[in-house]
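So the chains spell out like this:
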Amino acid sequence: MTIRSLAAPLTDPEVEAWLAVVAAAAATDLPQLPPPSRVEVGGRLRVEPARGRAARWATDDGTAVAGMVLFSDEANATTAFLDVLAVHPDARRRGVGTALWERVREELLADGRTSVSTLVDLGGPGQAFAESLGFENVLPMAWYVQDVAQPQPQEEPTPGYELKTWHGLAPDDWAGPLATAHGAMEDAPTGDVDEQTETWSARKLHAAQQLILDRGGELTTVAVVTPDGEVAAYTELVLPDPAGPRALQYDTVVVPAHRGHGLGRTVKRHMQALAARRHPALRQIATTVADENTPMRRVNEALGYRRERAAAYFQFTL
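Thresholds, definitions, all that
All residue numbers refer to positions counted from 1 along the written sequence of the respective chain. A pLDDT threshold of at least 70 governs which residues receive local features in this predicted model, and a stricter bar of 80 or more applies before side-chain atom pairs are shown or counted, although totals over entire chains, interfaces and linings include all residues. Side-chain descriptors were evaluated using all non-hydrogen atoms of the structure, hydrogens and water having been removed beforehand. Between any two strands, pairing holds if DSSP finds at least two bridges. For helices the rule is a DSSP run of H or I covering at least 4 residues; for strands it is a run of E covering at least 2, with both sets numbered from the N terminus onward. Salt bridges are identified by distance alone: a Lys or Arg side-chain nitrogen within 4 Å of an Asp or Glu carboxyl oxygen. Relative accessibility decides the category of a residue: with a 1.4 Å probe and only protein chains considered, values under 20% of the type maximum give buried, values over 50% give exposed, and everything between is partly exposed. As a rule, the C-alpha atoms of each element are fitted with a line to give its axis, helices using only the stretch in contact, and angles between N-to-C directions run from 0 to 180 degrees. Contacts: residue pairs with any heavy atoms within 4.5 Å of one another. With respect to orientation, any angle under 35 degrees is reported as roughly parallel, any angle over 145 as roughly antiparallel, any angle of 65 to 115 as roughly perpendicular, and every other angle as oblique. Note: crossing handedness is left-handed where the near helix turns anticlockwise from the far helix by less than a right angle, and right-handed where it turns clockwise. Three classes are used: nonpolar for Ala, Val, Leu, Ile, Met, Phe, Trp, Tyr, Cys and Pro, charged for Asp, Glu, Lys and Arg, and polar for all others, with Gly counted as polar. It is the directions from the helix axis to the C-beta atoms whose arc is reported. Each aromatic pair joins two rings of Phe, Tyr and Trp (for Trp, the six-membered one) with centres within 6.5 Å, and gets the label stacked for planes under 30 degrees apart, edge-to-face for over 60, and tilted for any other angle.

**Structural notes on the pairing of strand E10 (residues 246-254)**
Step number 1: Where strand E9 (residues 231-239) lies against E10, 5 bridges are found, and the strand directions are antiparallel. Paired with valine 238 across the strands is leucine 248, a residue of E10.
Step number 2: Between the end of E9 and the start of E10, which pair antiparallel, lie 6 residues.
Step number 3: Here E10 pairs with strand E11 (residues 284-290) via 3 bridges, running parallel.

Okay, here's the thing in structure tokens:
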């Protein structure tokens with residue numbers, strides 16, 4: 001077995017081979033979920049991340065793949081994120097995954113990284129494999145899902161605030177206030193994860209949003225704003241594949257000075273109603289919430305989210 005590095009941009013055969021591995025792994029490990037789509041997988045492989053350098057590998061027999069992001073911002077210059085390490089079910093328990101991990105580890109050491117994190121579903125082969133390599137659970141969380149109901153009336157704005165909706169890139173005059181509001185994420189639970197929250201700017205915000213679009217996805221932001229131009233709260237909905245049945249709720253943020261007014265529920269409820277009208281094929285909205293983030297779990301429960309499966313950020317220290 002030979003492991004080779006994959007140079008960007010990946011060719012069509014390389015994308016198809018990668019998709020075959022992750023689809024087979026998902027069908028075995030998470031059969032209750034929609035299969036990975038070519039739009040989402042191909043987009044992630046062809047368009048480089050906004051936050052750093054991608055490194056990718058595959059076995060020559062097409063049985064396993066791995067990819068990670070080595071962050072480029074100064075605050076995270078010594079850490080990285082392992083986006084995927086998947087082995088086809090027919091090739092498991094033969095040392096393929098361990099050999100692939102050793103290539104990942106070599107790259108981390110060569111690049112001066114001291115840790116790497118990854119998101120793992122608990123109770124399955126991913127957790128057992130991560131623990132066998134020495135990864136530790138540093139942030140317990142869970143996936144929550146909300147069924148997309150029939151289109152509902154739009155949410156009425158909270159007195160003193162105005163609802164705004166943006167599809168795609170946020171308008172230039174709101175990108176700065178939206179980036180400022182993102183700073184409120186700094187008080188969200190992060191456990192012992194080494195990755196640090198970035199200081200956002202309008203430029204970084206637009207870069208992250210453009211990445212979603214360039215990869216073939218669709219992005220909608222719902223915000224409540226004040227008369228003086230401040231973003232008090234917002235939420236983001238991403239469809240990695242606009243034709244797919246499942247969307248991802250990205251950040252939901254309420255600025256501390258505006259908490260206690262139900263703004264988190266307002267933006268999420270408005271988003272759900274909007275998504276039902278805009279995407280007839282959409283069936284579920286999924287999101288992750290840290291176990292210790294009690295306020296957000298309560299908001300989600302009030303909106304009809306239910307716990308789907310346990311997960312956690314696992315971290316390896318080199």
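**Section: the pattern of salt bridges**
Step number 1: If you walk through the whole model with that rule in mind, you get 19 salt bridges.
Step number 2: Arginine 4 serves as the salt-bridge partner of glutamate 14, at 3.3 Å between the closest nitrogen and oxygen. Of this pair, glutamate 14 sits in helix H1 (residues 12-29) while arginine 4 sits in strand E1 (residues 3-5); the two residues are 10 residues apart in sequence, bridging distant segments of the chain.
Step number 3: We classify glutamate 14 as buried; its relative accessible area is 17%.
Step number 4: Arginine 92 is paired through a salt bridge with aspartate 29; the nearest N and O atoms lie 2.9 Å apart. Remark: aspartate 29 occurs in helix H1 and arginine 92 occurs in the loop between strand E4 (79-87) and helix H3 (96-110); sequence separation between them is 63 residues.
Step number 5: Shared partners join several salt bridges into a network, and the residues in it are Asp12, Glu16, Arg38 and Arg46.

**A look at the sheet that holds strand E3 (residues 64-71)**
Step number 1: Strands sit in the order E1-E2-E3-E4-E5-E12-E6-E11-E10-E9-E8-E7 across an open sheet of 12 strands; the sheet is mixed. In the strand order of this sheet, the two ends are held by E1 and strand E7 (162-167), each with one partner. The sheet shows a mean angle of 25° between the axes of neighbouring strands, direction not considered.
Step number 2: Bridging between E7 and strand E8 (residues 218-225) involves 6 bridges; their strand directions are antiparallel. Directly across from threonine 165, in E8, lies its bridge partner valine 222.
Step number 3: The strands that helix H5 (residues 172-182) touches are E7, E8, E9 and E10; relative to E9, the one it contacts most, it runs at about 95°.
Step number 4: Strands in contact with helix H7 (residues 263-278) are strand E6 (136-147), E7, E8, E9, E10 and E11; relative to E8, the strand with the most contacts, it is inclined by about 145°.

**Focus on unusual backbone geometry**
Step number 1: Of the consecutive residues alanine 8 and proline 9, the connecting peptide bond is found in the cis state with omega at -5°.
Step number 2: Along the chain, the position of proline 9 falls in the loop between E1 and H1.
Step number 3: Backbone geometry places arginine 93, a non-glycine residue, at a positive phi of 65°.
Step number 4: Looking at where arginine 93 falls in the secondary structure, it is placed in the loop between E4 and H3.

**What to know about the packing of H7 against helix H8 (residues 294-302)**
Step number 1: Between H7 and H8, the least distance of the axes is 10 Å, while the angle of their chain directions is 45°. Relative to H8, H7 is oriented oblique. Between H7 and H8 the crossing geometry is right-handed. Counting all contacts with H7, which are made through Gly264, Arg265 and Lys268, the residues of H8 involved are Met296, Val299, Asn300 and Ala302.
Step number 2: Grouping the constituent residues of the contact of H7 with H8 by class yields 3 nonpolar, 2 polar and 2 charged.

**Here's the deal with H8**
Step number 1: Taken together, the buried positions of H8 are occupied by Met296, Val299 and Asn300. Relative to the axis of H8, the buried residues are bounded by an arc of 95° and lie together on one face. Among the exposed residues of H8, those oriented more than 90 degrees off its buried face are Arg298 and Ala302.
Step number 2: Along its buried surface, H8 packs onto E10, H7 and E11.
Step number 3: One or two steps after H8, the chain reaches glycine 304, where phi turns positive at roughly 100°.

**Some thoughts on the packing of aromatic side chains**
Geometrically, a pair of aromatic rings is defined through the distance of the ring centres and the angle of the planes.
Step number 1: Applying the stated rule across the entire model yields 5 aromatic pairs.
Step number 2: When the ring of phenylalanine 135 is compared with that of phenylalanine 316, the centres are 5.4 Å apart and the planes differ by 45°; the resulting orientation is tilted. In this pair, phenylalanine 135 sits in the loop between helix H4 (125-133) and E6 while phenylalanine 316 sits in strand E12 (residues 306-317), placing the two residues 181 residues apart along the sequence.
Step number 3: A ring pair is formed by tryptophan 166 and tryptophan 174, whose centres lie 5.9 Å apart and whose planes are at 35°; its orientation type is tilted. For the pair shown, tryptophan 166 and tryptophan 174 are each scored as buried.
Step number 4: What links up through ring pairs into an aromatic cluster is the set Trp101, Phe135 and Phe316.

**Structural notes on the environment of leucine 205**
Step number 1: For leucine 205, the location among the structural elements is in helix H6 (residues 202-214).
Step number 2: Between the alpha carbons of leucine 205 and aspartate 194 there is a distance of 22 Å; along the sequence they are 11 residues apart.
Step number 3: Residues in contact with leucine 205, not counting those within four places in the same chain, are Ala170, Ala175, Leu178, Ala179 and Trp200.

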